[in-house]
6 protein chains.
Amino acid sequence: MGNILVINPNSTEAVTRGIDEAMAPLRIPGGPGIECMTLAEGPPGIETQQHVDGVIAPLVKLVRERQGEYAAFVIACYSDPGIFSVREATDKPVLGISECGVLTALTLGQKFGVIAILRKSIPRHLRYLGAMGVMDRLAAELPIELPVTELSNVEKTFGRMLEVGKALRDDHGANVLVMGCAGMARYREPLQDAVGIPVVEPSQAAVGMAIARTRLNW
Amino acid sequence: MGNILVINPNSTEAVTRGIDEAMAPLRIPGGPGIECMTLAEGPPGIETQQHVDGVIAPLVKLVRERQGEYAAFVIACYSDPGIFSVREATDKPVLGISECGVLTALTLGQKFGVIAILRKSIPRHLRYLGAMGVMDRLAAELPIELPVTELSNVEKTFGRMLEVGKALRDDHGANVLVMGCAGMARYREPLQDAVGIPVVEPSQAAVGMAIARTRLNW
Amino acid sequence: MGNILVINPNSTEAVTRGIDEAMAPLRIPGGPGIECMTLAEGPPGIETQQHVDGVIAPLVKLVRERQGEYAAFVIACYSDPGIFSVREATDKPVLGISECGVLTALTLGQKFGVIAILRKSIPRHLRYLGAMGVMDRLAAELPIELPVTELSNVEKTFGRMLEVGKALRDDHGANVLVMGCAGMARYREPLQDAVGIPVVEPSQAAVGMAIARTRLNW
Amino acid sequence: MGNILVINPNSTEAVTRGIDEAMAPLRIPGGPGIECMTLAEGPPGIETQQHVDGVIAPLVKLVRERQGEYAAFVIACYSDPGIFSVREATDKPVLGISECGVLTALTLGQKFGVIAILRKSIPRHLRYLGAMGVMDRLAAELPIELPVTELSNVEKTFGRMLEVGKALRDDHGANVLVMGCAGMARYREPLQDAVGIPVVEPSQAAVGMAIARTRLNW
Amino acid sequence: MGNILVINPNSTEAVTRGIDEAMAPLRIPGGPGIECMTLAEGPPGIETQQHVDGVIAPLVKLVRERQGEYAAFVIACYSDPGIFSVREATDKPVLGISECGVLTALTLGQKFGVIAILRKSIPRHLRYLGAMGVMDRLAAELPIELPVTELSNVEKTFGRMLEVGKALRDDHGANVLVMGCAGMARYREPLQDAVGIPVVEPSQAAVGMAIARTRLNW
Amino acid sequence: MGNILVINPNSTEAVTRGIDEAMAPLRIPGGPGIECMTLAEGPPGIETQQHVDGVIAPLVKLVRERQGEYAAFVIACYSDPGIFSVREATDKPVLGISECGVLTALTLGQKFGVIAILRKSIPRHLRYLGAMGVMDRLAAELPIELPVTELSNVEKTFGRMLEVGKALRDDHGANVLVMGCAGMARYREPLQDAVGIPVVEPSQAAVGMAIARTRLNW
């Protein structure tokens, strides 16, 4: 029974480390190992549709080459880049953090809100939610819209997440929030505490579902 | 870190045993234990809305009394009886096999078909799918409609499941099937092999999601 | 041709009296009598899912025992507790004030807004609207969120209803309002006058539909 | 308190008589009188969009002229011709049999099927159901597709209704049927008996709702 | 190969002139001529459902009489009055500016906002969007709500369009705007420049689609 | 005013020729020229998600390099590969034949059916229709499911298209059909004649919309 490979499709190691740290509680003795890696071919951040589509080929190549070594694959970018191509390339389970984050949120509240990083990503995310057929459950998706240079400012980033989270809760009726990005798991618990409704960290949601899939063999 | 309690809300021990056997692959050495129990107060089978509503009070009582002992609860009946009341009664994660079975199916195909036991349960299930907001993903739900006395006839039951599964695939465009009942995990793999599309056993789907939730503490 | 029994599932007689007074215009000399009763077993108010589910058994018992005496039953709580179980228990028409209130609103405006008492009831109401398949017609549901102790303060209650009604009209585009509670019919007309769009009192809507059903025998 | 005027927008007196007979159970002593009239300007049957649109002007004129005499108006054609124009022309309640028939069906089953007379009317009806926002509740709409000359043949007409009703129930999962036409109330009860699921006659559904509206004054 | 007849169903020549000017870029030397005419029988403005329904008969008559002379017809009022009746009356393509404006917007952004003139038209427009089945793509529709007398005030009108356009973009998440009226093409470009997202002028969208239809012969 | 570049993303010249021939009626003297080219980097046919995603990079590169030469771009594969990436890469209009084919069909019938080549493409197409938000208008999508080697057999291919078209019309209620592939325009007219409902050839629909866009400059 192999490990789960979590692939960060952007090339920023700090994001991969953030994901890796978020995996700690999911590392069960006797359960599947969870390895996190950075896609070397990825851009520093996945911000545009071209970024999303640009990592598909290396993702497919990577999974095809290493499918014998792993029991499941998780694509750890909130746009779920290449998820359907990668699923064609292997018989192993392939999960996307956006899909799993949203589906998990559906078990935690009737209306989910999404905290995006960038406003320009929202139409892309909405197309995906439309394809998922869950638009009736969406409260709204709102961006923190911080320039990348400010994302390393923990206080500012958390401040904006909190503002957006409260707006989703109060103005749009969200009962649960999904973090629309990977690598920010550190904010999950304080955000949940501050907003007072469940917050889903999508990498954890996806790996959580992947663990079961590696055991069930479907 | 406690165990997961899987509650079969009907009083038929054979169903509980079927669920328990289905849990084998999800029992990870260092992971949460998975205990399956029968709700003594339940009817032999949950076939009507009155059956569904009738088990809510004992389910709430049971979970409230034992919430200190367990890390998560799974209600193992495809109507997810009392799921929202039980969630109010405890801060521990409470998952329903219908909700989790359907959400898991959404990761395995664009259109899911449901194999129900009884035709009269379908309107109830459709109300639930409507509340879940996933009607656009439903191919169809069709019943095997076998009298209870024949459900112990493995060959007949499997034969009808196969007929219904093929109809869902060919006439309604299903790419994935959900078994609309608990305690029939034994049929999952042969059915999947025979129909050629993924088949989700909902108790496994729910407990799979519960494992992660016990570790993530949300 | 029997009477209609309107059951207030909470045990607060004042609510039953409010419903009873709202019935005055629907009492047609040669038409069905309209009797309002309080469910003794109910909680003082139905505020949680456990309250909703907790009254199902006594409702079923009541209707089953008295179905020979009445021509139709109306469950007068905006969560329509037990409506599907009660329908199984009798061949007589069983109507819920939430379902009928919303359906009636659909004939009075393209987008309906709901004035809820408590914020925490909204996810439950939205699940029901999702099951009804009418989410596209919903403008929004907003709560007056007054503590129970203040609900007897007529001025304050009306003031909050007015604020919420105007927000539904102006910020969410509602063309018609549904009062998301029973026993507040006294506010219907002044609210309608003050907001300037139709306001549906759901008990009246439900009993209105029940009258026809008692005559049509289906 | 005035009467209800039920307007058959086609000029076929036999249809008006059929509607009038269907009103018998809804004529409550002490309740609003129910008068049925034929729109002289209407075509013999309303089969096309041009027929539908062509009766709007005379309907508006009629209601505007006679609004002082009546407490409510019902437009008794399954395409609800001119319903929104007529509503503008009067403050009195205006109900359409299609809208009310469908809404009533929503209280009787989770999936409704519609029995249309002509296949070519179905797109028009579907546009209306789309505008009503209830497509998720529709099982299907199927036509009996009999030439007008055969509609007077009771046996043939009932035979086709039965075939279509069974197809809606068995192949499309309908739990309740709506008769997609006026003036055929005589078939309602035998059809319901033969198909075994509730059948809604839309003129009765609309007048039933109108009775309450005349009493409630909204 | 004939011309396209664009019919302004209101009787205000200035509106027709505005539409005609907007056609300039679509007049291709070897392509179909584009003629704009005023429906003499129309009201000065189409503001109510009665206005909408009132122009159907003259529109049908006009198109039926002149269908031999033209290759396609465009109904240039944002309520698409009589579109389905006119389609029955001729085999030539008949396009509505509302339908084409919205469909074109779907190619330019994931969420479209509509700038209406009058608040009271919005329910009518929403019914149409519901019939079109595109409610999930609607951000919102908001009115400029200027009295007719002020619509000739270019500065005031543009100012309100800009306010509404920004509200649709910022508060409702619109990525593209549709002008919910004909004859205001002059504002399209400055509005687009000022709001920074694409703005669709629906007459241009409809005639644009009509040009292809005249060439394709379907 | 430049030409329109129609890009066949598969490398089969015969498909490009078929598209090119279908453009004949859209070549208006004085209008934009229409050039059709084959994407050299494409696979012989686009049958899988990997094929779809695999052509995005060369499509983006092509359009970026040549955007100065053309007024609009059309991606002529029914999966609209890379449409959102290509839109990012240029300010010129970029249209997809799937999007435009479906939107055009919405003006021709209330329920559209899609004739796919391969069953395995249907989930991908349904995701796209879900993202478009038009699932309520879909009758069904059915495949002709002929092996590639038989697609050159005109008689067999047309025979299967006809079978599927009739099934969409009769069993699923389609009022209009969309050909779910490029390069088969030759079948459009005979198919429409044989099935008796409009048939949309998506390359023509897209280029038709592109012509207007090149003139309108938005």
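Rules behind the numbers
Residues numbered from 1 in each chain as written. Chains lettered and ligands numbered in written order. Predicted model: local features only at pLDDT ≥ 70, side-chain atom pairs only at ≥ 80, totals over all residues. Heavy atoms only, no water. Contact = heavy atoms within 4.5 Å. Buried area = accessible area lost by both parts, 1.4 Å probe. Salt bridge = Lys/Arg side-chain N within 4 Å of Asp/Glu carboxyl O. Polar contact = N/O pair within 3.5 Å; in protein donor to acceptor, adjacent residues only side chain to side chain. Nonpolar A, V, L, I, M, F, W, Y, C, P; charged D, E, K, R; others polar. Disulfide = S-S within 2.5 Å. Buried < 20%, exposed > 50% of the residue type's maximum accessible area, 1.4 Å probe, protein only. Least-squares fit on C-alpha atoms with pLDDT ≥ 70 in both. Pairing = 2+ DSSP bridges. Helix = DSSP H or I, 4+ residues; strand = E, 2+ residues; numbered from the N terminus. Axes fitted to C-alpha atoms, helices over the stretch in contact; angles between N-to-C directions.

Visitor: Is there a simple way to explain the interface of chain D and chain F in this structure?
Guide: Every contact between the two is made by five residues of chain D and, on the other side, four residues of chain F. Across the chain D/chain F interface, buried area totals approximately 460 Å², and carbon plus sulfur atoms make up 59% of it. Linking chain D with chain F are zero salt bridges, by the criterion used here. Where chain D meets chain F, there are zero residue pairs in polar contact (both at pLDDT 80 or more). Residue classes in the side of chain D that touches chain F are distributed as three nonpolar, no polar and two charged.

Visitor: How should the state of the cysteines be read in this particular structure?
Guide: The bond known as a disulfide is covalent and runs between the sulfur atoms of two cysteines. Residue and element names in this part refer to chain E. For the structure on display, the rule yields zero disulfides over all chains. Free of any disulfide, cysteine 77 has its nearest cysteine sulfur in cysteine 181, 9.9 Å distant. Classification of cysteine 77 by relative accessible area gives buried; the value is 9%.

Visitor: How should I be thinking about the relation of the copies chain D and chain F in this particular structure?
Guide: In this structure, two copies of a chain are linked by a rotation about an axis accompanied by a shift along it. The two copies are related by a screw operation: chain D maps onto chain F through 120° of rotation and 0.0 Å of translation along the axis, at an RMSD of 0.0 Å. Given the turn and translation reported, the copies of this chain are related as if by a three-fold rotation axis. For chain D, the residue whose C-alpha comes nearest the rotation axis is aspartate 136 of chain D, separated from it by 4.8 Å. The overlap is low: 20% of the interface residues of chain D also sit at the interface in chain F, so different surfaces are used on the two sides.

Visitor: It is not clear to me how the sheet that holds strand 4 (residues 94-96) of chain E should be interpreted in this structure. Could you clarify?
Guide: Picture the strands of a sheet paired through backbone hydrogen bonds; they go either parallel or antiparallel. Residue and element names in this part refer to chain E. Pairing within the open sheet is parallel, and its four strands lie in the order 2-1-3-4. This sheet does not close on itself; its edge strands, each paired only once, are strand 2 (34-38) and strand 4. Here the average twist between neighbouring strands, direction ignored, is 25°. Against the sheet, helix 3 (residues 56-66) makes contact with strand 1 (3-8), strand 2 and strand 3 (70-75), and its axis sits at roughly 170° relative to strand 3, the strand it touches most. Of the strands in this sheet, strand 3 and strand 4 are in contact with helix 5 (residues 97-105), which crosses strand 4 at around 70°.

Visitor: How should I be thinking about the relation of the copies chain B and chain A in this particular structure?
Guide: Superposing chain B onto chain A takes a rotation of 180° combined with a translation of 0.0 Å along the rotation axis, leaving an RMSD of 0.0 Å. Here the symmetry operator amounts to a two-fold rotation axis.

Visitor: Could you clarify how one ought to interpret the sheet that holds strand 2 (residues 34-38) of chain C in this entry?
Guide: Residue and element names in this part refer to chain C. The strand order across the open sheet formed by four strands is 2-1-3-4, and the pairing between neighbours is parallel. Bordering the open sheet on either side are strand 2 and strand 4 (94-96), each of which pairs with just one other strand. For this sheet, the mean inter-axis angle between neighbouring strands, taken without regard to orientation, is 25°. Of the pairings in the sheet, the one linking strand 1 (residues 3-8) to strand 3 (residues 70-75) comprises five bridges and is parallel in character. Residue pairing for strand 3: leucine 5 is matched across the bridge by phenylalanine 73.

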